[in-house]
Amino acid sequence: MSWVTTHPPARVDLDACVTCGLCLAVCPTYRLTGDETASPRGRLTAIDAVDQGIAQVDERFGEIVDFCLQCRACETACPSLVPFGQIIESATAEVRTQLPSTGARLRRFAVTTALTMPSLLRTASVAIGVAQRLGVPSLGLRRIPLPHPTVVGGTWGPSEATTATLFAGCVADAWFSDIHKATIELLLAAGYRVNAPSRQTCCGALAAHDGFIDEAERMAEGNRSAFRDADVIVVDVAGCGAHLKADPEFGHKVRDVTEVVAAAIEDGRLPTLPVNGERVAVQDPCHLEHGQGIVEEPRAVLRAAGYEVVDSDAGGLCCGAAGTYLIDHRRTSAALGASRADSIRATGAKVVASANAGCEIQLRRHLDAGHEIRHPIELYSKNLSSTQRGE
Ligand code: SF4
Ligand code: SF4
């Protein structure tokens with residue numbers, strides 16, 4: 001065996017693969033290249049070879065592992081329930097440990113240190129916000145509000161109501177405050193008290209996906225302390241939610257905001273709004289569809305918001321954002337982003353709903369300014385406000 005970390009891929013998980021190949025058709029990197037080593041089955045074969053001591057963690061192994069988007073479409077397709085996400089995270093950790101590089105060190109600083117330091121994140125956000133106002137291209141980011149907002153430490157609503165604990169996130173809190181605002185408004189309208197504990201930190205998903213599992217575990221420890229007394233933890237970024245749902249201590253309390261709002265619409269705590277004649281194209285984030293098994297809830301929320309809902313992703317391929325993949329595999333990421341943008345344009349919809357911040361950035365980079373790209377919760381909240389004002 002050639003592993004050196006304390007959390008290598010588990011033999012029982014590797015043995016679960018029966019090499020049937022049913023995962024190949026849904027794998028974006030295999031579909032782009034036709035190369036078996038860029039498929040789930042090929043990656044598992046390479047990892048299995050290292051586990052058996054037949055191969056080493058070398059440059060080629062690093063390429064095979066790092067080319068994976070970690071979209072987990074193969075998990076959904078796999079009849080043997082191979083936990084591919086866990087396996088590839090463990091293999092990535094081995095690559096980071098055994099094949100250190102300058103790029104990985106920089107990413108490690110970004111995803112394990114910068115994202116957990118509110119003062120550094122605040123300074124960077126203000127700098128980006130100022131640059132945006134001076135005309136520097138936004139590269140898919142929303143216009144960052146100045147002064148820097150935060151919901152962390154806030155409490156809203158009557159003390160006697162059931163408390164929904166809001167996971168604020170790192171860049172989500174700094175750069176996507178409108179999504180938090182809509183989430184808080186709808187939770188209050190659905191009868192909850194909302195609390196965003198001050199001790200919470202970054203979820204650790206980006207760190208874990210990039211192989212920094214020990215650092216991700218340290219972040220999880222901070223969140224376990226912050227969320228110890230929570231009844232339900234509401235998350236409005238799908239990538240964070242998928243990671244938090246896997247936590248052994250509080251994961252069972254985590255809900256995506258579309259689950260909570262769809263349930264409130266279903267039982268009448270939130271209204272079904274009049275049909276507005278607009279078409280919305282739904283983009284299914286991998287970490288919502290494959291990571292959490294959530295497909296129907298965003299559509300239910302959008303239908304209740306009055307939209308005609310259309311699917312945008314025939315084939316269900318990842319949009320190519322995939323955390324830091326957007327930066328270190330730019331050509332593959334761009335090809336997938338362009339493909340997803342084409343599928344959205346083909347629907348004719350000018351409104352696009354995406355429940356994951358990273359996907360939203362990718363879509364904005366590949367669609368023109370004529371498209372409004374928002375979280376499903378923002379679209380429902382906006383239409384609810386318009387209806388209440390009688391517009
Ligand atoms: S579908 Fe599952 S069992 Fe079949 S090759 Fe892919 S990972 Fe292995
Ligand atoms: S996680 Fe996505 S990119 Fe990686 S092997 Fe599975 S389907 Fe392919």
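Just so it is clear, the structure is predicted and the values come from calculations on it, not from any experiment.

**Q** Sorry if this is basic, but what is going on with the overall build of the protein chain here?
**A** A tally of helices and strands in the protein chain yields 20 helices and 9 strands. What you see for the protein chain is a C-alpha radius of gyration of 21 Å, in line with the 21 Å of a compact globule of 391 residues. Taking the principal axes of its C-alpha atoms as reference, the protein chain extends roughly 70 × 45 × 45 Å. The buried share of the protein chain, reckoned over its 391 residues, is 54%. Partitioning the intrachain contacts of the protein chain with sequence separation of at least 6 by distance along the chain shows that 71% fall at a separation of at least 24. Carbon and sulfur atoms make up 54% of the accessible area of the protein chain, which totals about 16800 Å². Both charge centroids of the protein chain, one from 37 positive and one from 46 negative side chains, sit 5 Å from each other.

**Q** Which parts of the structure should I look at to understand the site of ligand 2?
**A** Taken together, the neighbourhood of ligand 2 is formed by Cys 27, Pro 28, Thr 29, Pro 40, Arg 43, Cys 68, Leu 69, Gln 70, Cys 71, Arg 72, Cys 74 and Phe 84. With respect to the pocket detection grid, ligand 2 is positioned in the second largest cavity. A per-class count over the shell around ligand 2 returns 8 nonpolar, 2 polar and 2 charged.

**Q** Could you clarify how one ought to interpret the environment of Leu 141 in this entry?
**A** Along the polypeptide, Leu 141 turns up in the loop between helix 8 (118-133) and strand 1 (155-156). Accessibility expressed as a relative area gives 15% for Leu 141, which makes it buried. Discounting chain neighbours no more than four positions away, the residues touching Leu 141 are Ile 128, Gln 132, Trp 175, Ile 361 and Arg 364.

**Q** Quick question: what am I supposed to make of the sheet that holds strand 8 (residues 351-354) here?
**A** Sheet strands pair via backbone hydrogen bonds, and the direction of the pair is either parallel or antiparallel. Strand order across the open sheet formed by 4 strands is 7-6-8-9, with parallel pairing between neighbours. At either end of the open sheet lies a strand with only one pairing partner, and these are strand 7 (308-311) and strand 9 (372-374). Across the sheet, the mean angle separating the axes of adjacent strands is 30° when strand polarity is ignored. Summarising the sheet, strand 6 (residues 279-283) and strand 8 pair through 4 bridges and their orientation is parallel. Paired with Val 280 across the two strands is Val 351, which belongs to strand 8.

**Q** Quick question: what am I supposed to make of the site of ligand 1 here?
**A** Residues in contact with ligand 1, as listed here, are Cys 17, Val 18, Thr 19, Cys 20, Gly 21, Leu 22, Cys 23, Arg 41, Leu 44, Cys 78, Pro 79 and Ser 80. The cavity that encloses ligand 1 is the largest cavity. Class assignment for the residues of the shell around ligand 1 results in 8 nonpolar, 3 polar and 1 charged.

**Q** What exactly am I supposed to notice about the pattern of salt bridges here?
**A** Side-chain pairs of opposite charge can arise whenever the charged atoms involved come near each other. Tallying each qualifying case throughout the model produces 27 salt bridges. Where Glu 185 meets Lys 181, a salt bridge forms, and the shortest distance between an N and an O atom there is 3.5 Å. Of this pair, Glu 185 and Lys 181 both sit in helix 10 (residues 177-189), 4 residues apart, which is roughly one turn of the helix. Arg 303 is paired through a salt bridge with Glu 296; the nearest N and O atoms lie 2.3 Å apart. Overall, Arg 303 belongs to the partly exposed group, its relative accessible area being 43%.

**Q** Please explain helix 7 (residues 102-113) as it appears in this structure.
**A** One full turn of an α-helix is made of 3.6 residues, so residues set three or four places apart face in the same direction. End to end, helix 7 covers 16 Å across 12 residues, agreeing with the expected 16 Å (1.5 Å per residue, within 8%). If you check which residues of helix 7 are buried, you get Ala 104, Arg 107, Val 111 and Thr 112. For helix 7, the angular spread of the buried residues around the axis is 105°, confining them to a single face. Facing away from the buried side of helix 7 by over 90 degrees, the exposed positions are Thr 102, Arg 105 and Leu 106. At its buried positions, helix 7 is contacted by helix 6 (84-98), helix 11 (205-209), helix 12 (213-226) and helix 17 (325-328).

**Q** Mind showing me how you'd approach unusual backbone geometry here?
**A** A negative phi angle characterises most non-glycine residues, just as the trans form characterises most peptide bonds. Residue Pro 147 is reached from Leu 146 by a cis peptide bond, and omega for that bond is 0°. By secondary structure assignment, the location of Pro 147 is in the loop between helix 8 and strand 1. With phi around 55°, Thr 19 is a residue other than glycine that occupies positive phi space. Following the sequence through the fold, Thr 19 ends up in the loop between helix 1 (11-15) and helix 2 (28-33). The backbone of Gln 70 shows a phi angle near 55°, a positive value even though the residue is not glycine. Gln 70 gets classed as buried once you look at its relative accessible area, which sits at 10%.

Calculation criteria
Residues numbered from 1 in each chain as written. Chains lettered and ligands numbered in written order. Predicted model: local features only at pLDDT ≥ 70, side-chain atom pairs only at ≥ 80, totals over all residues. Heavy atoms only, no water. Helix = DSSP H or I, 4+ residues; strand = E, 2+ residues; numbered from the N terminus. Rg over C-alpha atoms; globule rule 2.2 N^0.38 Å. Buried < 20%, exposed > 50% of the residue type's maximum accessible area, 1.4 Å probe, protein only. Contact = heavy atoms within 4.5 Å. Areas by Shrake-Rupley, 256 points an atom, 1.4 Å probe, with all protein chains shown as cover. Lys, Arg positive; Asp, Glu negative; His and termini not counted. Charge placed at Lys NZ, Arg CZ, Asp CG, Glu CD. Near = heavy atom within 4 Å. 1 Å grid on protein atoms, 1.4 Å probe; cavity = no way out; pocket = protein on both sides within 12 Å on 5 of 7 lines; lining within 4 Å. Sits in = over half its atoms within 2 Å of the grid points. Nonpolar A, V, L, I, M, F, W, Y, C, P; charged D, E, K, R; others polar. Pairing = 2+ DSSP bridges. Axes fitted to C-alpha atoms, helices over the stretch in contact; angles between N-to-C directions. Salt bridge = Lys/Arg side-chain N within 4 Å of Asp/Glu carboxyl O. Expected span 1.5 Å × (residues − 1). Arc of directions from axis to C-beta.

The analysis is restricted to geometry; functional conclusions fall outside its scope.
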